[in-house]
Protein chains: 2
Amino acid sequence: MAAIDIKALGARAETMISALAPISSEPGRLIRLFLSPEHRRAADMTAQWMRDAGMQVSEDALGTLRGRVGEGRRLLIGSHLDSVIDAGNYDGPLGVIAGILAVEHFKGRPPVPIDVLAFGDEEGSRFPSTLSTSAAVAGVFEEETLGLSDRNGVTYGDALRKYGKNPADIPKAAYRRGEAAAYVELHIEQGPRLEAANEPLGIVTGIVGQSRWRVIVTGMAGHAGTVPMDLRRDALAGSAEMVLAAERIGRAHEGMVATVGIVDARPGAGNIIPGRVMFTVDLRCMDDATRKAAVAEFEDKARDIAKARKLEVTFEHFHDVSATVCDAGLQDTLAAAIGDLGHRAIRMPSGAGHDGQMMAKLCPAAMMFVRCRDGISHNPAEYASPDDMGTAIAALIRFIGRFRT
Amino acid sequence: MAAIDIKALGARAETMISALAPISSEPGRLIRLFLSPEHRRAADMTAQWMRDAGMQVSEDALGTLRGRVGEGRRLLIGSHLDSVIDAGNYDGPLGVIAGILAVEHFKGRPPVPIDVLAFGDEEGSRFPSTLSTSAAVAGVFEEETLGLSDRNGVTYGDALRKYGKNPADIPKAAYRRGEAAAYVELHIEQGPRLEAANEPLGIVTGIVGQSRWRVIVTGMAGHAGTVPMDLRRDALAGSAEMVLAAERIGRAHEGMVATVGIVDARPGAGNIIPGRVMFTVDLRCMDDATRKAAVAEFEDKARDIAKARKLEVTFEHFHDVSATVCDAGLQDTLAAAIGDLGHRAIRMPSGAGHDGQMMAKLCPAAMMFVRCRDGISHNPAEYASPDDMGTAIAALIRFIGRFRT
């Protein structure tokens, strides 16, 4: 095996990231939606890189690119090419590029057969769906997805046909059982833990489960000047206590996060006491039982707060996803590969969703995180240094060297 | 003096309130803006009632009606005919009707000369001005007001001309010093204290001073799943603490109220930690020094909260009005009049602004509050019972009987 030149790998990755970056539906900011002309252009560029690295390239019925080397039971490496609106350049493409550069490192003859996969619809920015292309590859695509519409009224099925695909071919996207030995994904961390730990690489222990719900607090609107404090039923003051309760619950459990991202107070005039407030809670945790207990704990607290303030409170749950555990053996192999480079492997759950969630339904799956600046993602300021990207790809190469199908 | 028939007075008041109620720019809800065709119709109906009660009626350059009985130094009784948008029927008209029915009780020959005044622009619903017509009557009208525009781009000056008035005549609206002995206004409470005290009438000790400002809290937006709790700089959680601090300060001082009525969290997505929050605080108190100290106390607390959470906080003050103290002698005379009817006079500050604020710049001023259901005002559900209105008008009649110019 050739010596690994981390600097050179990082520079190659940065060049490829920069080549994909301008492929956007809007000049000046990155918008690369699933099945859009920009998706097509990004896939075409990526397919060429795959061929240049010695891979045979095909594309499935949902537009997922597959670059293949070797025959038989194989290692899958992938991530996505689509983006959020006003995105950064690293979220997704880095994982695809890493697979291509690893295969290139082995001059197209890696020690194990490899498929590099370039998914779409990971971000769910176009249709009210997400991870649908990795779902198809894992054999768990849901037919109903075809009927979903984007904001212009175009259905998923029509967009597919316009992209030159036939929905009837979707089942063929799935791997046969036994064909896929494992799935590995490399992704920017999208959080600040690696930066805080001063390490470039992390190993994902699992992808958190998630509960999301709306809280509706009803009190009594009133004149800000004429209703004395002790006679108020202020829906916003009560909500403020509940927001802090959600934060306390998030803090109280290791690895849990709780976020209130939306708040809407009505009637919303500076001189009127709010009579009705809606806010959202997003609570995530690796342990499903702990998550469910935390949701119940929040609701109990919120009811207590409401009762003490003579408010009413109701809850509307709209999202509930179980946790995905990453394969322990793959995690250890990744850790050994990172150790080969003289780095400490920081183990952490992923708070964001990833294609790995779907791929874990097909075969053992694992993920490696790459440090990103200030933990920022889904933002033009998103950034991973060439050195960190080079180190990550070097670790992937070491992993491939150690991996046995 | 004839016996006072409270039932009959209440029934008359209710009939007159009901006659004014449909005079609106929109069927089905009450919108009666200053200098609108509806203002004209309401003023014409009111002028006829004044004449029927034996008054000589005139109208000043801002459309304020003046119904006069007797000669020389006089008692002024008034309130306003304009409304907020989607208003109740009692806020304003009750005070005008009470003056008319009191004069009628004395068959047009009250023991003291009286002017009943029907103002406009008390609510500030059309132009970004308020109390401008009582300001003119008090001789403190501000010229700049004429240049203010309503939401259709019509200036105050143009609206006046369209109403048939000449802005050059505004100075003539002012009373000469010595001509006005006192001003008394009867108004629904717009709060729940009288209901809580089980009494129909209150005496206003003064109109509170008011500070209003925006608080801008800046943290760091981030992914709700990937940023651990201990590394967050959540602008909304910090704001929640500040909202509760404002509430605690309002509760800690007798007669003070503090309200957060608007909150705006950005970017405002359920799965993103808010990076920037703006909220308003409205703080009112009878004592100006206490109010200013409370504003400073809030800002200190907010800075402490921001510091502990690594947030930034700034304050934008946009409204600051000093308190108006009601005349002590008039308050005592009102209390005696209320006592004549066997009721307890509840003394309380007014948290809302009133024409009395401006009239206090002209002469001793006082106000009587009438119980309203659930403390609701500025709302179609606003309601004062005929019995309570009758009792209030009876107290006003007793007050006139006791009043010496």
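What you see is a predicted model; the values in this text were computed from it and never measured.

Asker: So what exactly am I meant to see when it comes to unusual backbone geometry here?
Answerer: Apart from glycine, the bulk of residues carry a negative phi angle, and the bulk of peptide bonds sit in the trans form. Residue Pro267 of chain A is bonded to the preceding Arg266 of chain A through a cis peptide linkage, with omega at 5°. Positionally, Pro267 of chain A belongs in the loop between β12 (263-266) and β13 (272-273). At Asp121 of chain B, a residue that is not glycine, the phi angle is positive and equals roughly 50°. Tracing the sequence through the fold places Asp121 of chain B in the loop between β6 (114-119) and α4 (132-137). A positive phi angle is found at Gln190 of chain B, which is not glycine, with a value near 65°. Tracing the backbone shows Gln190 of chain B in the loop between β7 (180-188) and α6 (193-197).

Asker: Explanation requested: the interface of chain A and chain B in the structure shown.
Answerer: Frequently, the measure chosen for interface size is the accessible area that the parts lose on association. At the junction of the two partners, chain A supplies 49 residues and chain B supplies 49 residues. For the pair chain A and chain B, the summed buried surface comes to about 4100 Å²; carbon and sulfur atoms form 65% of the total. When the area that chain A buries against chain B is broken down by residue, the three leading residues are Thr226, Met229 and Gly270 of chain A, summing to 14%. Linking chain A with chain B are 2 salt bridges. Two residues, Arg309 of chain B and Glu247 of chain A, come together in a salt bridge whose shortest N-O distance is 2.7 Å. On inspection of chain A and its partner chain B, the count reaches 8 residue pairs in polar contact (both at pLDDT 80 or more).

Asker: Looking at this structure, how should I read the state of the cysteines?
Answerer: Across all of its chains, the model carries 0 disulfides over all chains by this definition. Lacking any disulfide linkage, Cys372 of chain A is separated from the closest cysteine sulfur, that of Cys326 of chain A, by 18 Å.

Asker: Help me out: how do you make sense of the pattern of salt bridges in this one?
Answerer: Working definition: two side chains of opposite charge can pair if their charged atoms are close together. Residues and elements named next belong to chain A. With the rule as written, the count across this model stands at 56 salt bridges over all chains. Note that Glu59 and Arg40 form a salt bridge whose closest N and O atoms lie 2.6 Å from each other. Taken together, the positions of Glu59 in strand β2 (residues 56-59) and Arg40 in helix α2 (residues 37-52) put the pair 19 residues apart, joining distant regions of the chain. Residue Glu59 is classed as partly exposed on the basis of its relative accessible area, which comes to 25%.

Asker: Explain the relation of the copies chain A and chain B here, please?
Answerer: For these two chain copies, the linking operation is a rotation about an axis paired with a shift along it. Taken as rigid bodies, chain A and chain B are interconverted by a rotation of 180° and an axial shift of 0.0 Å, the fit giving an RMSD of 0.1 Å. On this basis, the relationship between the two copies can be described by a two-fold rotation axis. The position closest to the rotation axis in chain A is occupied by the C-alpha of Ala240 of chain A, lying 2.2 Å away. With an isologous cut-off of 70% or more, the 100% of interface residues of chain A that recur at the interface of chain B puts this contact in the isologous class.

Asker: Got a minute to help me understand the domain arrangement of chain A in this structure?
Answerer: All names here are of chain A. If you check the domain split of chain A, you get domain 1 (6-208 + 323-402) and domain 2 (209-321). Between the C-alpha centres of domain 1 and domain 2 there is a distance of 36 Å. Every contact between the two is made by 11 residues of domain 1 and, on the other side, 7 residues of domain 2. Linking domain 1 with domain 2 are 2 residue pairs in polar contact (both at pLDDT 80 or more). Examining the composition of the side of domain 1 that touches domain 2, we find that 3 residues originate from one element, strand β8 (residues 201-207), more than from any other. Looking at the side of domain 1 that touches domain 2 residue by residue, the classes come out as 6 nonpolar, 5 polar and no charged.

Asker: I would appreciate a short explanation of the pairing of β2 of chain A in the present structure.
Answerer: Regular strands place side chains that alternate from one sheet face to the opposite one. Residues and elements named next belong to chain A. Of the pairings in the sheet, the one linking β2 to strand β3 (residues 65-69) comprises 4 bridges and is antiparallel in character. Bridge pairing in β3 links Gln56 to Arg68. What sits between the antiparallel neighbours β2 and β3 is a turn of 5 residues, in which Gly63 has the positive phi angle 90°.

What counts and how
- Residues numbered from 1 in each chain as written.
- Chains lettered and ligands numbered in written order.
- Predicted model: local features only at pLDDT ≥ 70, side-chain atom pairs only at ≥ 80, totals over all residues.
- Heavy atoms only, no water.
- Helix = DSSP H or I, 4+ residues; strand = E, 2+ residues; numbered from the N terminus.
- Contact = heavy atoms within 4.5 Å.
- Buried area = accessible area lost by both parts, 1.4 Å probe.
- Salt bridge = Lys/Arg side-chain N within 4 Å of Asp/Glu carboxyl O.
- Polar contact = N/O pair within 3.5 Å; in protein donor to acceptor, adjacent residues only side chain to side chain.
- Disulfide = S-S within 2.5 Å.
- Buried < 20%, exposed > 50% of the residue type's maximum accessible area, 1.4 Å probe, protein only.
- Least-squares fit on C-alpha atoms with pLDDT ≥ 70 in both.
- Domains from an automatic or database assignment.
- Nonpolar A, V, L, I, M, F, W, Y, C, P; charged D, E, K, R; others polar.
- Pairing = 2+ DSSP bridges.

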